[in-house]
Amino acid sequence: MFGCNIWARNVIYSAKFILGINYKVVGKVPEGPVVFASKHQSAWETAFFYMVRRDSVYIFKKELMYIPMFNIFLWAADHISLNRSGGASSLKKLISDVKKRLNDGRAIIIFPEGRRKAIGDAPDYKAGVAAIYSNIDAPVVPVKLDSGKLWPRQSRIKKPGTITVEFLEPMPKGLTKKGFMEELQKRIEGK
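Residues numbered from 1 in each chain as written. Predicted model: local features only at pLDDT ≥ 70, side-chain atom pairs only at ≥ 80, totals over all residues. Heavy atoms only, no water.

Caption draft 1: How the structure looks around the nonpolar core. With 26 residues, the main nonpolar core has Ile21, Phe36, Trp44, Phe48, Phe49, Val165 and Phe167 as its most contacted residues. Those elements that place two or more of their residues in this core are helix 1 (2-17), strand 2 (34-38), helix 2 (44-52), strand 5 (107-110), strand 6 (140-145) and strand 7 (161-167). Among the elements that take part in this core, helix 2 stands out by supplying 6 residues, more than any other. Residues Leu94, Val129, Met171 and Ile188 belong to the second largest nonpolar core, which totals 23 residues. (Core = buried A, V, L, I, M, F, W, Y, C linked by side-chain atoms within 4.5 Å. Buried < 20%, exposed > 50% of the residue type's maximum accessible area, 1.4 Å probe, protein only. Helix = DSSP H or I, 4+ residues; strand = E, 2+ residues; numbered from the N terminus.)

Caption draft 2: Just a nonpolar patch on the surface, in detail. The grouping of Tyr13, Phe17, Ile18 and Leu19 at the surface amounts to a nonpolar patch, some 450 Å² of accessible area in total. Tracing the backbone through its elements, the reader meets Ile18 in the loop between helix 1 and strand 1 (21-26). The exposure class assigned to Ile18 is exposed, which follows from its relative accessible area of 66%. (Patch = residues over 30% accessible without salt bridge, like charges linked within 9 Å, V, L, I, M, F, W, Y side chains within 5 Å. Areas by Shrake-Rupley, 256 points an atom, 1.4 Å probe, with all protein chains shown as cover. Salt bridge = Lys/Arg side-chain N within 4 Å of Asp/Glu carboxyl O.)

Caption draft 3: Seen up close, the sheet that holds strand 3 (residues 56-61). The mixed open sheet is built from 7 strands, whose spatial order is 1-7-6-2-5-3-4. Edge strands, defined here as strands with exactly one partner in the open sheet, are strand 1 and strand 4 (80-82). Strand-to-strand twist of the sheet, defined as the mean angle between neighbouring strand axes without regard to direction, takes the value 25°. Here strand 2 runs beside strand 5; their pairing, made up of 4 bridges, is parallel. Note that in strand 5 the partner of Ala37 across the bridge is Ile110. Across the sheet, helix 2 lies against strand 1, strand 2, strand 3, strand 5, strand 6 and strand 7, angled at about 160° from strand 3, the strand it touches most. (Pairing = 2+ DSSP bridges. Axes fitted to C-alpha atoms, helices over the stretch in contact; angles between N-to-C directions. Contact = heavy atoms within 4.5 Å.)

Caption draft 4: Spotlight on helix 6 (residues 177-189). For helix 6, with 13 residues, the first-to-last C-alpha span of 18 Å sits near the 18 Å given by 1.5 Å per residue. Where helix 6 is concerned, the buried positions are Phe180, Met181, Leu184, Ile188 and Glu189. Taken down its axis, helix 6 places every buried residue within 135° of arc, on the same side. Those residues of helix 6 hidden inside the fold are in contact with strand 2, helix 5 (128-135) and strand 6. Just downstream of helix 6, Gly190 is the residue with a positive phi angle, here 70°. (Expected span 1.5 Å × (residues − 1). Arc of directions from axis to C-beta.)

Caption draft 5: Expanded view of the packing of aromatic side chains. Tallying each qualifying case throughout the model produces 13 aromatic pairs. A centroid spacing of 5.0 Å and a plane angle of 20° characterise the contact between Trp44 and Phe48, whose relative ring orientation is stacked. Of this pair, Trp44 and Phe48 are both found in helix 2, 4 residues apart, which corresponds to roughly one turn of the helix. Overall, Trp44 belongs to the buried group, its relative accessible area being 1%. On the basis of relative accessible area, Phe48 is assigned to the buried category, the value being 0%. Through a chain of ring-to-ring contacts, three or more aromatic side chains come together here, namely Tyr23, Phe36, Trp44, Phe48, Phe49, Tyr50, Tyr58, Phe111 and Phe167. (Phe/Tyr/Trp six-rings, centres within 6.5 Å; stacked < 30°, edge-to-face > 60°.)

Caption draft 6: Here's a closer look at the side chain of Asp97. Looking at where Asp97 falls in the secondary structure, it is placed in helix 4 (residues 87-103). A polar contact of 2.6 Å, which involves the side chain of Asp97, links it to the side chain of Lys93. (Polar contact = N/O pair within 3.5 Å; in protein donor to acceptor, adjacent residues only side chain to side chain.)

Caption draft 7: Seen up close, a positive patch on the surface. Taken together, the side chains of Lys61, Arg84, Arg115, Arg116 and Arg153 make up a positively charged region of the molecular surface. Summarising the element assignment, Lys61 is placed in strand 3. Accessibility expressed as a relative area gives 35% for Lys61, which makes it partly exposed. (Lys, Arg positive; Asp, Glu negative; His and termini not counted. Charge placed at Lys NZ, Arg CZ, Asp CG, Glu CD.)

Caption draft 8: Quick look at the packing of helix 5 against helix 6. Here helix 5 crosses helix 6 at 115°, and the two axes come no closer than 10 Å. At the point where helix 5 passes helix 6, the crossing takes the right-handed sense. Taking contact as the criterion, the partners of Val129, Ala130 and Tyr133 in helix 5 are, on helix 6, Lys177, Phe180, Met181 and Leu184. Along the lines of polarity and charge, the residues of the contact of helix 5 with helix 6 split into 6 nonpolar, no polar and 1 charged. (Left-handed = near helix turned anticlockwise from the far one by under 90°. Nonpolar A, V, L, I, M, F, W, Y, C, P; charged D, E, K, R; others polar.)

This is the structure we're talking about:
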């Protein structure tokens, strides 16, 4: 985890002092075991969560484990690899891995759309986050952000300014899968 924290701080501070990209946090960042269900618009937020929770654990697509050196940091930080084409067995492993990290008091980061989305793209929330919600006792906190306006997806051009990251109220307990997915999307998308 130490290497990931150093990497993340270098990314965020370089963005600030070289590119002029700062950030502000709105809302309270929960302590203890929690799942953050975050919008994913750029590479910036893959570093950001380490700034507010040094014990962050990311759920990532297993293909990232094929990147030399990067895979060592993922493994050492105890992040959670997800085989997106693995079906029910992959989902069971995901839930088991999430429970284990939550039992250790860590913060889980999931991007419910599964990949970065450009500002203005239609939302495409995946059901994995609902499966996690239904099988854990920890709060699921939606996170709204606008990093894509300054650090656009698949663009080499970055713009100076301030990214706003908003930690919203935890999702209510006891929602159906459909109700959870609709409410989560409504909160994150602001619609």
